[in-house]
Every structure is written in structure tokens, then in C-alpha cells.
Amino acid sequence: MSILIENLSKNFGTFKALDHVNLEIKTGSLVALVGPSGSGKSTLLRVIAGLDIPNSGRIWLSGKNATSLSIQEREIGFVFQNYALFKHMTVYENIAFGLDIRNIDSFIISNRVKQLLQLIQLEKFSDRYPNQLSGGQRQRVALARALAIEPKVLLLDEPFGALDVKVRKDLRNWLRNLHEQVPVTTVFVTHDHQEAMEVANEIVVFQKGCVEQIGKPQDVYDNPKKGFSITNSSIYMNFPLLHLEQSSTNL
Ligand SMILES: Nc1ncnc2c1ncn2[C@@H]1O[C@H](COP(=O)(O)OP(=O)(O)OP(=O)(O)O)[C@@H](O)[C@H]1O
Ligand SMILES: [Mg+2]
């Protein structure tokens, strides 16, 4: 499914979190959304998902105006910052949740959950509760839960944000491979430029509620605009925490 964002604005009081955003995301692409803290990345994902209503502008999904569709009608899977698993449900129940509420036949649900457990390599963990899993395993379950409804679009807001470098690296490879197997149009937010360069086939740089730059990773790396700075071998944005993260991970 393609996503077309047309002149989209979202205000919080007098503050413009999204300021006339225009953006086209082609079917099957894997897009990294980067930019300083507060630049509007999460707001954009929330508006695409239907969790927030824009003040003006339109969202087109596969050429259809989706601006006033409900969350469920949009067929979008998402994993948001701090979007925890349901603690009182097992891994199986968490993954099955979106199918259960759509009243899908239990036999179909069971097959689908088994496939997804295989995909996230947690077949033996289906009866565990979230607090019996590692952080990386929980993230994989969150992704499986988002994929269960066979979404046409996958939105990931810093899906690997809180994880250590090794797990992050594994999951980043895993996401790339997953996208090759199941080429769902995917937009993921990251503060880690190395991650954006390695995983995405397109990078969108956000700045103060606007798209500042769009391009192939190499093009953005070679010709960065203000929001994407490069020094010698390392890349960083004008976002102080990223410098700390990079220096601690030797990126
Ligand atoms: N519900 C809200 N009410 C008021 N202001 C909000 C609300 N949600 C977001 N904002 C403001 O809108 C701006 C954009 O927020 P957003 O969460 O989209 O930033 P972000 O780019 O995702 O930042 P980060 O990288 O820190 O996650 C910020 O200045 C934020 O304070
Ligand atoms: Mg955010």
C-alpha cells in the first residue's frame, strides 16, 4: 500500500507540530524517519495510524482518501514508543489479540499465531507472560502482534529504542530480513543514523514539523541538509543525546 501525505498540518494549541507536510511513500518501501526530538515524527505516525486527527490536509492510502477512516479501517499495524504488551496475556494471546477482536475463526487464528511465532523465533515461548521475556523478545512479540492483522502498512516508532547495542543490531537485521520476506510498506522512526542507513531504502529527515530532506541513504549521507550532519566516519544530528549514544556505541 502506498501512503500519500498531502499538505498535512497538526496543531497543539498554537504550536504547529506538523506544518503542511507533503510526503509520498511507495508501496513496499522501508522508510526511516529521522530528525531532532520534538520535530514531529511521532505525531506524523500517529496521524497516519488514525490515533490523532489532523487540523488540515489529507492522507491517501493506495490512492484512497483515508483521512476520516477509523483506525481499524486503515489496516495499519503499529508499534509505538512505550506501547507495552498486555501484561496479563501470554505471548500467544498478545499476538492473537487483533484477530480475536475482529472475530476471526479460532483455527485461522491458531495457524496465523504459529506462523508468526516461527517468524520471530519464539515458538517455545507462546505460554509465557511478557515479564518472563527479555526486552528484545518483547519487542519481537510487539512486532508479531502488529503483523498479525496482516497490515498493509507497518508504523514503528523507535521500535528498538530501549535495547542494548547487540540486541538492537540483531533486531535491525531481523527487521530487514522480515521486510524482504513480507514486504509491507514500513515507516520506522529512529534516532540512530547508522540504523537508518543500514536498514532503510529511503530516509526522510524531519525538522520543525516539516520534511527537510528525502532520499536514498547514500544520497542523504553524501548531500546532507541541516538536520543531518556528518563528521568523518560518524553521522549525527543536532540532537545531543545522539552524540552520547554514538560515543557509547562507537558508531
Ligand atoms: N498531545 C500533545 N499535546 C501538546 N503538544 C504535543 C502533544 N503531542 C506532541 N506535542 C508536541 O508536538 C511536538 C512534536 O512531538 P513529537 O512527539 O511528534 O516529536 P518527535 O519528533 O517524535 O520527538 P522525539 O524524537 O523526542 O520522540 C513536540 O514539541 C511535542 O511537545
Ligand atoms: Mg517521538
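In what follows, the structure referred to is the one given above.
So, how was this worked out
- Residues numbered from 1 in each chain as written.
- Chains lettered and ligands numbered in written order.
- Predicted model: local features only at pLDDT ≥ 70, side-chain atom pairs only at ≥ 80, totals over all residues.
- Heavy atoms only, no water.
- Helix = DSSP H or I, 4+ residues; strand = E, 2+ residues; numbered from the N terminus.
- Buried < 20%, exposed > 50% of the residue type's maximum accessible area, 1.4 Å probe, protein only.
- Contact = heavy atoms within 4.5 Å.
- Areas by Shrake-Rupley, 256 points an atom, 1.4 Å probe, with all protein chains shown as cover.
- Pairing = 2+ DSSP bridges.
- Core = buried A, V, L, I, M, F, W, Y, C linked by side-chain atoms within 4.5 Å.
- Domains from an automatic or database assignment.
- Near = heavy atom within 4 Å.
- Polar contact = N/O pair within 3.5 Å; in protein donor to acceptor, adjacent residues only side chain to side chain.
- Nonpolar A, V, L, I, M, F, W, Y, C, P; charged D, E, K, R; others polar.
- Patch = residues over 30% accessible without salt bridge, like charges linked within 9 Å, V, L, I, M, F, W, Y side chains within 5 Å.
- Salt bridge = Lys/Arg side-chain N within 4 Å of Asp/Glu carboxyl O.
- Phe/Tyr/Trp six-rings, centres within 6.5 Å; stacked < 30°, edge-to-face > 60°.

Trainee: Provide a residue-level description of the overall build of the protein, including the pertinent values.
Mentor: The number of helices and strands found in the protein is nine helices and twelve strands. In the protein, buried positions account for 50% of the 251 residues. Taking the intrachain contacts of the protein between residues at least 6 apart in sequence as the baseline, contacts between residues at least 24 apart amount to 62%. Total accessible area computed for the protein in this model is approximately 12,300 Å², and 50% of it derives from carbon and sulfur atoms.

Trainee: Before we move on, can you summarise the sheet that holds strand 2 (residues 15-25) with the specific residues and values?
Mentor: If you walk across this open sheet you meet the four strands as 2-1-4-5, and the pairing is antiparallel. Each of the sheet's edge strands pairs with one partner strand only, and the pair in question is strand 2 and strand 5 (64-65). Where strand 1 (residues 3-12) lies against strand 2, seven bridges are found, and the strand directions are antiparallel. If you follow Ile-5 over to strand 2, its bridge partner there is Leu-23.

Trainee: Would you mind going over unusual backbone geometry in detail, with residue names and values included?
Mentor: With the exception of glycine, the majority of residues adopt a negative phi angle, and the majority of peptide bonds are in the trans configuration. Positive phi values are uncommon outside glycine, yet Ser-62 reaches one of about 50°. Topologically, Ser-62 is positioned in the loop between strand 4 (56-61) and strand 5. Positioned with a positive phi, Gln-121 is a non-glycine residue whose angle comes to about 55°. By the element assignment, Gln-121 lies in the loop between helix 4 (106-119) and helix 5 (135-148).

Trainee: So what about the nonpolar core? Which residues, and what values?
Mentor: Generally speaking, a soluble globular protein has its nonpolar side chains buried in company with each other. The biggest cluster of nonpolar side chains holds 42 residues, and the ones touching the most others in it are Ile-95, Ile-120, Val-141 and Ile-203. Among the elements of the structure, strand 3 (30-34), helix 3 (91-100), helix 4, helix 5, strand 7 (153-157), helix 6 (165-181), helix 7 (193-199) and strand 9 (202-207) are those that each provide at least two residues to this core. Here this core gets seven residues from one element, more than from any other, and that element is helix 5. Mapping this core onto the domain boundaries places at least three of its residues in each of domain 1 (1-75 + 152-251) and domain 2 (80-150). Aside from chain neighbours lying at most four places away, what touches Ile-95 is Val-113, Leu-116, Leu-117, Ile-120, Val-141, Ala-144, Arg-145 and Ala-148. Counting 27 residues, the second-largest nonpolar core is a separate cluster that includes Ile-25, Leu-155, Val-187 and Val-189.

Trainee: Give me the lowdown on the site of ligand 1, citing residues and values where you can.
Mentor: Looking at ligand 1, there are 14 residues lining it, with Ser-37, Gly-38, Lys-41, Ser-42 and Thr-43 nearest. At 2.5 Å from an oxygen atom of ligand 1 is found a side-chain nitrogen or oxygen belonging to Ser-37. Broken down by element, the shell around ligand 1 gets its largest block of residues, three residues, from helix 1 (residues 41-49). Counted by class, the shell around ligand 1 contains four nonpolar, eight polar and two charged residues.

Trainee: So what about a nonpolar patch on the surface? Which residues, and what values?
Mentor: A surface patch of nonpolar side chains, about 300 Å² in accessible area, is lined by Ile-104, Phe-107 and Ile-108. The class of Ile-108 is partly exposed, set by a relative accessible area of 48%.

Trainee: I'd like to hear about the packing of aromatic side chains, residue by residue, with values.
Mentor: Under the criterion given, the structure shown has one aromatic pair. Aromatic pair Phe-86 and Phe-97: ring centres 4.7 Å apart, planes at 55°, arrangement tilted. Of this pair, Phe-86 sits in the loop between strand 6 (76-79) and helix 3 while Phe-97 sits in helix 3, and the two are eleven residues apart along the sequence. You can call Phe-86 partly exposed: its relative accessible area is 23%.

Trainee: Any details on the environment of Ser-62? Residues and values, ideally.
Mentor: According to the relative accessible area criterion, Ser-62 is partly exposed, its value standing at 45%. In sequence terms Ser-62 and Ser-2 are 60 residues apart; their C-alpha atoms lie 4.8 Å from each other. Apart from residues no more than four positions distant in its own chain, Ser-62 is found in contact with Met-1 and Ser-2.

Trainee: Go over the pattern of salt bridges, please, and point to the residues and values.
Mentor: Inspection of every chain in the model, using the stated rule, returns ten salt bridges. One salt bridge in this structure joins Lys-152 and Glu-75, with 3.3 Å as the shortest N-O distance. Here Glu-75 lies in the loop between helix 2 (71-74) and strand 6 and Lys-152 lies in the loop between helix 5 and strand 7, a separation of 77 residues in the sequence. The exposure class assigned to Glu-75 is partly exposed, which follows from its relative accessible area of 34%. The salt bridge involving Arg-172 is made with Glu-198; its shortest N-O contact spans 3.2 Å. With Arg-172 in helix 6 and Glu-198 in helix 7, this pair connects stretches of sequence that are 26 residues apart. The exposure class of Arg-172 is buried, given its relative accessible area of 4%.

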